[in-house]
Amino acid sequence: MTRTGARLVLDARMATDGGIGTYLQNVFPRVASARPDWSFTVLGDPATIQALGWPAIPNVAVRQCRSTYYTMSEQIELPLRAPRNMDLFWSPHYNVPVVAAAPLVVTVHDTCHLALQESTRGPLPRMYASFMYRRINRHARAILFDSEFTRNEMRRLLGEPRGRSTVAHLGVDADWWQNQATTPERPLAGPYLVYVGALKRHKNVPALLRAFARIRDRVPHRLVIVGRAAGLNVDPAIAGEAALLGDRVILAGEVNATRLRQYVTHAEALVTASLYEGFGLPPLEAMAAGRPCMVSAAGSLPEVCGDAALYCDPRDETSIAQRLLEVATDKELQCALVRRGHERVRQFNWLRCADTTIDVLERALGARR
């Protein structure tokens, strides 16, 4: 039975940050619009949320929340900013309010900070992450996972969650779909491979760079790295390693959506040698844009990419180099991957993700502990 008149709070401080931002921008407006009888209080930066257009949704109100994520200050501010009469608190990431006046629904995108300790810099951040994941596992009324892999990892590392767990695969925005009439202009002359993602340790970019160095004399391609090169959990040494390869590697940094689409659409292939992924949006977006993908056989990537990608062993630089060479030079392979990619990506859409999310929220509102 649908719960009417429910009051929900969403932590939207990361509404424009990386993959979580993409998730929120595509899921939340669909959820709020589909349940006009629910009221939503969105916590975050009012200017950022205004730019997203969310206040135009009639049942959405915004409250300012300045605290930085993954800090003790958020544990003070989140409960203070949330209305006392809320029925449910929805957190789209693992850093949840410890003291909450309402049941929690949490979206867990990955368990990297538990599974790979080296992915979190310093003992205090690791302790904070471990505490939060355990808190979610014991106290969340419902948990949404991006992939079956991530749900199984949570079970493996912490045991069966106390609340309901549900997998809701992410989707691909319509702007990514290949359309000759709207193909963006080319950002670079000459062929190149593109990597999309922050320069975090678990993304294994140094191994990708070393593998590319092995084949650079055999291909004319450059390697373009698109993503955040500074900030939380980013390894600044990676930029220095990239510089050693001179102009064959381009550090594009963090770019807007239009520029990202330019880089991906005109690449010979999207490549990643990540050690761990909770989902893997960049390969799906590249598939929608008609680009072949070389990815690692790790984390959720096989679940998401299926038979539509070329796989490497991320812990074997020889394997990475060989697969880079194949995806850069084998035209028959490229065509096969593009064809399979177009079929694969059709299985993922944001409307289905939003519908599953609504169902989870409804069940959590109606549940009794």
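This text follows the structure it describes.
Keep in mind that this is a model prediction, so the values were computed, not measured. Every chain is numbered on its own, with residues counted from 1 as its sequence reads. The predicted origin of the model limits local features to residues at a pLDDT of at least 70 and limits the giving and counting of side-chain atom pairs to 80 or more, whereas totals for whole chains, interfaces and linings rest on all residues. In computing side-chain values, all of the structure's heavy atoms are included and hydrogens and water are not.

Here we come to the pairing of strand β6 (residues 142–145). Throughout this description, buried means an accessible area under 20% of the type-specific maximum (1.4 Å probe, protein chains only), exposed means over 50%, and partly exposed covers the range between. A run of H or I in DSSP becomes a helix once it reaches four residues, and a run of E becomes a strand once it reaches two; helices and strands are each numbered from the N terminus. Judged by which residues are buried, β6 turns out to be covered on both faces: Ala142 and Leu144 on one side and Ile143 and Phe145 on the other are all buried. What makes two strands pair is DSSP finding at least two bridges between them. Across 4 bridges, strand β5 (residues 104–108) lies against β6 in parallel orientation. Looking across to β6, one finds that threonine 107 is bridged to leucine 144. In this region the chain leaves β6, passes through helix α6 (residues 148–158) and returns to the parallel neighbour strand β7 (residues 164–167); the handedness of that crossover is right-handed. Here a crossover is taken to be right-handed if, once the strands point away from the viewer, the path from the first strand over the helix to the second is traced clockwise.

With that settled, the discussion passes to the nonpolar core. Nonpolar cores are built from buried Ala, Val, Leu, Ile, Met, Phe, Trp, Tyr and Cys residues. Side-chain atoms within 4.5 Å join them into one set. One finds Tyr23, Phe28, Trp54, Trp90, Val105 and Val194 to be the most contacted residues of the largest nonpolar core, which totals 65 residues. For this core, the leading source of residues is helix α14 (residues 350–366), giving 8 residues. If sequence neighbours within four positions are ignored, phenylalanine 28 has contacts with Leu10, Tyr23, Phe40, Val42, Trp54, Val60 and Trp90. Within the second largest apolar cluster, 33 residues are counted, among which are Ile225, Val234, Val249 and Ile320. Any two residues whose heavy atoms approach within 4.5 Å at even a single point are treated as in contact.

So, on to the packing of helix α1 (residues 18–34) against α14. For helices, the fitted line uses only the C-alpha atoms of the stretch in contact; every axis is such a line through C-alpha atoms, and the angle between N-to-C directions lies from 0 to 180 degrees. Here α1 crosses α14 at 60°, and the two axes come no closer than 9 Å. By the angle between their directions, the pair α1 and α14 is classed as oblique. Every pair of crossing elements has a handedness; the one defined by α1 and α14 is right-handed. Of α14, the residues touching α1 (which contributes Thr22, Tyr23, Asn26, Val27, Arg30, Val31 and Ala34) are Trp350, Leu351, Cys353, Ala354, Thr357, Ile358 and Leu361. Partitioned by chemical class, the residues of the contact of α1 with α14 number 10 nonpolar, 3 polar and 1 charged. For classification purposes, an angle smaller than 35 degrees is called roughly parallel, one larger than 145 roughly antiparallel, one from 65 to 115 roughly perpendicular, and anything else oblique. Handedness of a crossing is defined here by the sense of rotation of the near helix relative to the far one, left-handed for an anticlockwise turn of less than a right angle and right-handed for a clockwise turn. Following the grouping adopted for this structure description, the nonpolar residues are Ala, Val, Leu, Ile, Met, Phe, Trp, Tyr, Cys and Pro, the charged ones are Asp, Glu, Lys and Arg, and the polar ones are all others, Gly among them.

All right, on to the sheet that holds β6 then. Across the sheet, 7 strands lie side by side as β3-β2-β1-β4-β5-β6-β7; this open sheet has parallel pairing. Each edge of the sheet is formed by a strand with only one pairing partner; in this case those strands are β3 (60–64) and β7. On average, adjacent strands in this sheet sit at an angle of 20° to one another, irrespective of strand direction. Against the sheet, helix α3 (residues 72–81) touches β1 (7–11), β2 (39–44), β3 and β4 (88–91), its axis set at about 140° to β3.

To continue, consider the packing of aromatic side chains. Aromatic rings from Phe, Tyr and Trp, with only the six-membered ring used for Trp, were paired whenever their centres fell within 6.5 Å, and each pair was classed as stacked if the ring planes differed by under 30 degrees, edge-to-face if by over 60, and tilted otherwise. Counting across every chain of the model gives 7 aromatic pairs. Ring geometry for phenylalanine 28 and tryptophan 54: centres 4.8 Å apart, planes at 55°, overall tilted. Here tryptophan 54 lies in the loop between α2 (46–52) and β3 and phenylalanine 28 lies in helix α1, a separation of 26 residues in the sequence. Owing to a relative accessible area of 0%, phenylalanine 28 belongs among the buried residues under this scheme. You can call tryptophan 54 buried: its relative accessible area is 2%. Aromatic pair tryptophan 38 and phenylalanine 40: ring centres 6.2 Å apart, planes at 50°, arrangement tilted. Phenylalanine 40 shares its class with tryptophan 38; the two are buried. Of the aromatic side chains, those joined through ring pairs into one cluster are Phe28, Trp38, Phe40, Trp54 and Trp90.

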